[in-house]
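The primary structure of each chain is shown beneath.
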Amino acid sequence: MADCLFCSIVAGDIPATTVLETDRILAFRDIDPQAPTHVLVIPKDHYPDAAALAAADAALLGEVFTGAYRVAAVEGIGETGYRVVFNTGADAGQAVPHVHGHVLGGRSLDWPPG
Ligand code: 5GP
Ligand code: ZN
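Overview of the structure. (Residues numbered from 1 in each chain as written. Chains lettered and ligands numbered in written order. Predicted model: local features only at pLDDT ≥ 70, side-chain atom pairs only at ≥ 80, totals over all residues. Heavy atoms only, no water.)

Attention now moves to unusual backbone geometry. Omega for the bond connecting Trp111 with Pro112 falls within 30 degrees of zero, at 0°, which places this linkage in the cis form. Summarising the element assignment, Pro112 is placed in the segment after β5 (101-105). The backbone of Asp3 sits at a positive phi, close to 65°, despite the residue not being glycine. Positionally, Asp3 belongs in the segment before α1 (5-11). (Helix = DSSP H or I, 4+ residues; strand = E, 2+ residues; numbered from the N terminus.)

Structure, rendered in structure tokens:
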């Protein structure tokens with residue numbers, strides 16, 4: 001989609017540090033990490049948020065989530081624990097309207113989040 005930051009990363013027009021890639025998903029490091037591991041997992045196709053993706057292609061949402069736990073494994077936080085967050089909409093502070101799961105770990109994570 002034109003003018004979408006994460007579509008531009010998928011296209012290679014904006015650089016990112018890839019952690020994991022399949023034919024349908026991409027995982028890359030967050031530019032402003034909030035934890036020692038902070039990776040974003042996205043479908044390569046554009047969907048505005050997790051609800052839209054779940055409604056349109058639940059299998060692809062499953063691939064995104066599978067990507068999240070694979071990222072946790074390769075980052076070495078599968079055993080120590082991690083959080084997967086899909087900020088959805090304004091109250092959740094979603095800033096980039098291309099669905100993305102944050103994989104956060106490598107430190108003790110506060111609960112509840114702010
Ligand atoms: P949101 O608030 O939408 O859930 O999360 C968007 C995330 O994208 C933020 O954590 C932010 O740091 C990250 N981000 C914004 N711009 C870029 C960028 O150009 N490259 C990368 N790798 N991450 C970005
Ligand atoms: Zn997009």
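Moving on, we come to the side chain of Asp30. Locating Asp30 in the fold gives a position in the loop between β2 (25-29) and β3 (37-43). One buried charged residue, Asp30, remains without a salt bridge, the closest side chain of opposite sign being Arg29 at 11 Å. In terms of polar contacts, Asp30 uses its side chain to reach the backbone amide nitrogen of Asp32, at 2.8 Å. Not counting chain neighbours up to four residues away, the residues in contact with Asp30 comprise His38, Val39, Leu40 and His102. (Buried < 20%, exposed > 50% of the residue type's maximum accessible area, 1.4 Å probe, protein only. Lys, Arg positive; Asp, Glu negative; His and termini not counted. Salt bridge = Lys/Arg side-chain N within 4 Å of Asp/Glu carboxyl O. Polar contact = N/O pair within 3.5 Å; in protein donor to acceptor, adjacent residues only side chain to side chain. Contact = heavy atoms within 4.5 Å.)

This part is about the pairing of strand β1 (residues 18-21). Inspection of the sheet shows β1 paired to β2 by 3 bridges, in the antiparallel sense. Bridge assignment links Glu21 to a residue of β2, and that residue is Leu26. Adjacent in sequence and paired antiparallel, β1 and β2 are bridged by 3 residues. (Pairing = 2+ DSSP bridges.)

Here we take up the coordination of the zinc ion (ligand 2). The protein atoms that coordinate the zinc ion (ligand 2) are Cys4 (SG), Cys7 (SG), His46 (ND1) and His98 (ND1), at distances spanning 2.1 to 2.3 Å. If you list the donors of the zinc ion (ligand 2) from N- to C-terminus, the spacing comes out as C-x2-C-x38-H-x51-H. With His46 in the loop between β3 and α2 (50-56) and His98 in the loop between β4 (82-85) and β5, this pair connects stretches of sequence that are 52 residues apart. (Donors = N, O, S within 2.8 Å, 3.2 Å for Na, K, Ca; no water.)

What follows covers the sheet that holds β3. Spatially, the 5 strands line up as an open sheet ordered β1-β2-β3-β5-β4, and their pairing is antiparallel. Pairing within the sheet leaves two strands with one partner each, and these edge strands are β1 and β4. Each strand axis lies, on average, 20° off the axis of its neighbour in the sheet, ignoring direction. As paired strands, β4 and β5 are joined by 4 bridges and run antiparallel to one another. Residue Tyr82 lies in a different strand from β5, and its bridge partner there is Gly105. The strands that helix α3 (residues 58-74) touches are β1, β2, β3, β4 and β5; relative to β3, the one it contacts most, it runs at about 155°. (Axes fitted to C-alpha atoms, helices over the stretch in contact; angles between N-to-C directions.)

The next point concerns the site of ligand 1. Among the 16 residues in the neighbourhood of ligand 1, the closest are listed as Arg29, Asp30, Ala95, His100 and His102. One nitrogen or oxygen atom from the main chain of Ala95 is found 2.7 Å from an oxygen atom belonging to ligand 1. Between an oxygen atom of ligand 1 and a main-chain N or O atom of Val96, the distance comes to 3.0 Å. Relative to its free-state accessible area of 520 Å², ligand 1 is covered by the protein chains to the extent of 82%. For the shell around ligand 1, the elements supplying multiple residues, two or more each, are α1 and β2. (Near = heavy atom within 4 Å. Areas by Shrake-Rupley, 256 points an atom, 1.4 Å probe, with all protein chains shown as cover.)

That's the geometry; what it means functionally is another story.
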